[in-house]
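Commentary on secondary and tertiary structure
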Amino acid sequence: MSSIILRTGVRFVTPLMLLLAALLVLRGHNEPGGGFIGGLLAAAGLILQTLASGSGASRRLIRVAPLTLVSGGLLLAAFSGFLAMIGCGAFMTAIWVESLGLGTPLLFDLGVFMVVVGTTLTVIEGMAEGNA
Amino acid sequence: MLGEVLTGFVAAAFAAPLARRLPRLAGPILALVPLGILAALTWRYAGSAAPPRTSVAWLPGLGIDLAFRLDGLAYLFALLICGIGAVILVYAGAYFAGDRRRGRMLATLLAFMASMLGVVLADHLVALFVFWELTSVTSYLLIGFDHEQEKSRKAALQALLVTGGGGLALLAGVVLLAQAAGTWDISALAGQAQTIRASPLQLPIIVLVLAGCFTKSAQVPFHFWLPNAMAAPTPVSAYLHSATMVKAGVYLAARLNPSLGGAAAWEWALIGFGALTAVTAAAMSLRQHELKRLLAYSTVASLGVLIMLVGLAAPEGGADAVTAAKAVVLFLLAHALYKATLFLVAGSLTRATGLKDARLLVGLRRAMPLTFVAGVLAGLSMVGVPALLGYLGKESAIAAAWERHAAGPAMLALVLAAPPLVVVGLRVGVAPFLGSRRAVVADGAGTAHEVPTGMWVGPVALAVIGLVLGLAPMLLNRVVSETAAAVHGAPVAARLALWHGFNAVVLLDVAIVLGGVALWLWRSSIDRWTRRLARLAAFGPERGYALALEGTLAFGRVQTRLLQSGYLRRYLLVVFLFAIAVVGAALVAAHRPGAIGAALGEIVHVHAEDVLLVVMMVVAAVAVVHSRSRVAAVIALGAVGLAVSLVFVLYSAPDLALTQVLIETLTVILFVLAMRQLPFFVDLSSRRTRVRDLVVAVLGGGLMTTLVLLASHVQLGDEVASAYFAAEAVPQGHGRNVVNVILVDFRALDTLGEITVLALAAIGVIALVRGRTGLEARR
Amino acid sequence: MTVLLAVAIGALYACGIYLMLRRSLVKLLLGLVLISHAANLLIFTAGGLRRGAAPIVRAGEEALTRPHADPLPQALVLTAIVISFGVLAFALALFRRVHQSIGADDVDRMRSTDT
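These numbers were taken from a predicted model, which means no experiment stands behind them.

Thresholds, definitions, all that
- Residues numbered from 1 in each chain as written.
- Chains lettered and ligands numbered in written order.
- Predicted model: local features only at pLDDT ≥ 70, side-chain atom pairs only at ≥ 80, totals over all residues.
- Heavy atoms only, no water.
- Patch = residues over 30% accessible without salt bridge, like charges linked within 9 Å, V, L, I, M, F, W, Y side chains within 5 Å.
- Areas by Shrake-Rupley, 256 points an atom, 1.4 Å probe, with all protein chains shown as cover.
- Salt bridge = Lys/Arg side-chain N within 4 Å of Asp/Glu carboxyl O.
- Helix = DSSP H or I, 4+ residues; strand = E, 2+ residues; numbered from the N terminus.
- Buried < 20%, exposed > 50% of the residue type's maximum accessible area, 1.4 Å probe, protein only.
- Pairing = 2+ DSSP bridges.
- Core = buried A, V, L, I, M, F, W, Y, C linked by side-chain atoms within 4.5 Å.
- Contact = heavy atoms within 4.5 Å.
- Expected span 1.5 Å × (residues − 1).
- Buried area = accessible area lost by both parts, 1.4 Å probe.
- Polar contact = N/O pair within 3.5 Å; in protein donor to acceptor, adjacent residues only side chain to side chain.
- Nonpolar A, V, L, I, M, F, W, Y, C, P; charged D, E, K, R; others polar.

On to a nonpolar patch on the surface. Residues and elements named next belong to chain B. Taken together, the side chains of Leu22, Leu25, Ile29, Leu32 and Leu35 define a hydrophobic patch exposed on the protein surface, amounting to about 420 Å² of accessible area. Within the secondary structure, Leu25 sits in the loop between α1 (2-21) and α2 (26-47). A residue is classified by how much of its surface remains accessible, and Leu25, at 46% relative accessible area, is partly exposed.

Structure representation (structure tokens):
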């Protein structure tokens, strides 16, 4: 699968996909998108990179092990829920800063994004590794 | 008081590391924990006129609180649990000197102590049950401490099954009790005695609660687990099987006496089973020669006496009931003190000589002077010699039975059961030290020596306390009055004295001691006579236990053979057929042919692209089934997924469509990567099997079609969650994509669970790809 | 469309069940995927089908304008799709592992728990 055309194409396509994924996560609260979809798209982009030029390439792009991404995402999602408990609210109560349009659900979505990217990469890389 | 209980559990967590760092001092240091708890409880108890009560909401939705209350009865038990607990911790620290398992022993003892404290302090029926079961679990660990020996494991399992089974009955009992009384609070139950009595649930409550009490307190016919539990190390037996756990049943019976007492069933069950237990166990003790088994049977007999005394202390009874309530307290306290001491003395004797048989132990007076002091004081207390607390206990028990009816069953049981107990007291506490011969030491390892400090200081302390309280019983006035009041359910004034004057009770007491001595002197002929009785044991309740256990295991084997064929396909077939049957039955029961007809009528509103999509989907699915090539099957599978995502596109679900397309891509990649190492298709099934599977498949598919048709005509009102989400997404969720708002805000907890599943799948894949099985590693 | 989809769901279930009853490991997995699709479509269809009414509030408005597609089944299905991918990946890894260990594709040969 390591044709030059693929590798050259991927060099442009993967960044585009990652950009689109970021966009999907950011606007996911108001338009179609969100952590799940963005995560899948980002993972697909990174996997494309992996298929074209080996697993080292995507690792260079994200710089952390996929499983670290998974655990980090889980922690972030749980943390966003605990934030409300500091103010004596129930676990997972949303807190919003209205003026900025930011709130804990966005943090949660980011956690979902990380878990999805991490899981997908782990699974596909694990499968590829088993073949080697 | 939650703090006091939790302290025990927390200390248990630190016991093992402490025992590693400071092996010698671990026992004494940890003994400070129960002493500290006791000091805190004493301060609370002495500091307030009304019993202090604390409550922490636990499961507020179910009305379950961690409520604790410290009245006289609870305080007396806390005194025993913490006081004897401290002694046991010191003793166990020395007993397990040089043993790697010391930390584990100390930790489990502390955890048990905390659970036991929870039982006696709990003021909520559910909290009581939870701690009750915790004592069963921790005692399982303690009895099975020598888990490398089959005997210990069996004894531990037996104790767990018997007391755990009783615990289940107790749970049912307390739930019914709370329903009948309308309250979960134990302290409020007594006020509801009339309500409970009027309730039709009264008899079931009594039966179930007493099943719990009788199993825990080893009453006939559940007594057999206690002697078997002597497989535990001696400190455990001394703690659990004399002073604390087995008394939990007595505690509960005494605690519920004001609310359930007064019913004839309650009273006669307690008196009847207690009397039967006392006599049976006392007779069985005559046949024992091993120190710990002698003590075990005498403990069962004493527990029977205690249960009987609770039965005599009827809440609306007269002066005799008051005497019985006081007797419960005195006998309990005296028994705990002398029996724990005797167990510890027995442990020291065995440690010093390597002998367990009471017939071989003689003349240890000089070799073990301090253990001798403890043994004689405790043994004579058990015999019932005046000036020792045991005398007061026994005297009050006789007085209670006498006042009830001079020729009643209680009196009869006491007269029969007491002399063998005198024999046990003499044989364990006194006889090993007397005589001129030097004791033979097992395996000829020289002469016996006094045990280390940690092993004599506790027994001596307990024995001296028994002496002091026997000489100055007025010290106990407040505790006895308040405890007896809790048992009796009405105020009791206790004025204890060393000597209550010469009367019939004293005469009886003397007769019992003389009877015991006579039994001791004529032991050989009695031994011969009781040997015949022993054959009856083959038909005893322990045989029933063994049969029930074997039966359960046999049933398990049979049903495993029947149901667990090991063929995955057969399991799946059963699952599918069952699902089809259940869903089918529900659909037939709903019986709405009109709805299906109406749904079918809508077929006219069909767009051309719909038909195209569905045809594509079905053709692709059939291709997946039919394909001979793996790659073709995977491509067909991708086509199915694509068709599904197009359905989402057409029918207003952009998020789903995006997700489905991406997942479809990834699935194909995944299959292609995995495929290289997966086998080619081969036809393995016979034609008949395939036809059968086809029938099941078509049945299942047809059923699902019907289900969808029916479901499409169910009209849901505005009260459903969707309407709320649709209305509140922007005002509360600050997002216009309602699906996303549900995922990350309204139902974020669900999503958290789902991403956790994803994380687990990732970890699982890594483990399967990188990990090596034990088999491969060995190669 | 409901009628057509009902038929399609039935067909997917039937194919899935048939495949899951095969002895070949790979077919079992293919069946699993088909049944996941069928279940997702079932939930989606049961929530009611609507064209051109995505559950997204128009800019400047406070709530969804009726008629709109039901957002709740969509949220359920969305996570179900992703989860079934995770399950599929785990099952593939597991089956491949089993295949490596016992060298067979026949589910009937996996009766003993020790291999």
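Don't stop here, the text continues.
A word on the pairing of strand β2 (residues 64-69) of chain B. All names here are of chain B. Counting buried residues in β2 gives 5 out of 6 residues, a clear majority hidden from the surface. Note that strand β1 (residues 53-59) and β2 share 6 bridges and pair antiparallel. Within β2, the position partnered with Val56 by the bridge is Leu66. As consecutive antiparallel partners, β1 and β2 are separated by 4 residues, and within that stretch Gly63 has a phi angle of approximately 70 degrees, a positive value.

Right, let's get into the nonpolar core. All names here are of chain B. Leu121 and Trp225 are the most contacted members of the largest nonpolar core, which has 202 residues in total. Broken down by element, the residue count for this core peaks at 21 residues, all from helix α15 (residues 319-353). If near-sequence neighbours (up to four positions away) are discounted, Trp225 is found in contact with Gln158, Ala159, Val162, Thr163, Thr215, Lys216, Ala218, His241, Met245 and Val246.

On to helix α2 (residues 25-46) of chain C. Residues and elements named next belong to chain C. Compared with an ideal rise of 1.5 Å per residue, which puts 22 residues at 32 Å, α2 spans 32 Å between its outermost C-alpha atoms and is within 8% of the ideal. With 17 of 22 residues buried, α2 is to be regarded as a mostly interior element. Positive phi shows up at Gly48, right after α2, with a value of about 95 degrees.

On the secondary structure map, B:Arg255 appears in helix α12 (residues 247-260). If we skip the residues at most four places from it in the chain, B:Arg255 touches B:Asp71, B:Leu73, B:Ala74, B:Val120, B:Ile186 and B:Ala486.

For the rest of this paragraph, the subject is the interface of chain C and chain B. Chain C puts 86 residues into the contact, and the matching count from chain B is 100 residues. Roughly 8600 Å² of surface becomes buried between chain C and chain B when both sides are summed, with 75% attributable to carbon and sulfur atoms. Three residues stand out in chain C for area buried against chain B, namely C:Met1, C:Arg51 and C:Arg97, and they jointly supply 9% of the buried area on that side. Put simply, C:Arg51 and B:Asp610 hold a salt bridge, and the shortest N to O gap is 3.0 Å. The interface formed by chain C and chain B contains 13 residue pairs in polar contact (both at pLDDT 80 or more). Going through the elements one at a time, α1 (2-20), α2 and α3 (71-102) of chain C are the ones with two or more residues in the side of chain C that touches chain B. Taken together, the residues that form the side of chain C that touches chain B break down as 57 nonpolar, 13 polar and 16 charged.

Residues and elements named next belong to chain B. Counted under the stated rule, the structure contains 19 salt bridges over all chains. The partner of Asp185 in a salt bridge is Arg53, and the shortest N-O contact between them spans 3.3 Å. One end of the pair, Asp185, is in the loop between α6 (150-181) and α7 (186-189); the other, Arg53, is in strand β1, and 132 residues separate them in sequence. Judged by relative accessible area, which is 36%, Arg53 ranks as partly exposed. For Arg69, the salt bridge goes to Asp71, with nearest N and O atoms at 3.6 Å. Here Arg69 matches Asp71 in class, with each residue buried. Salt bridges sharing partners connect three or more residues here, namely Arg53, Asp123 and Asp185.

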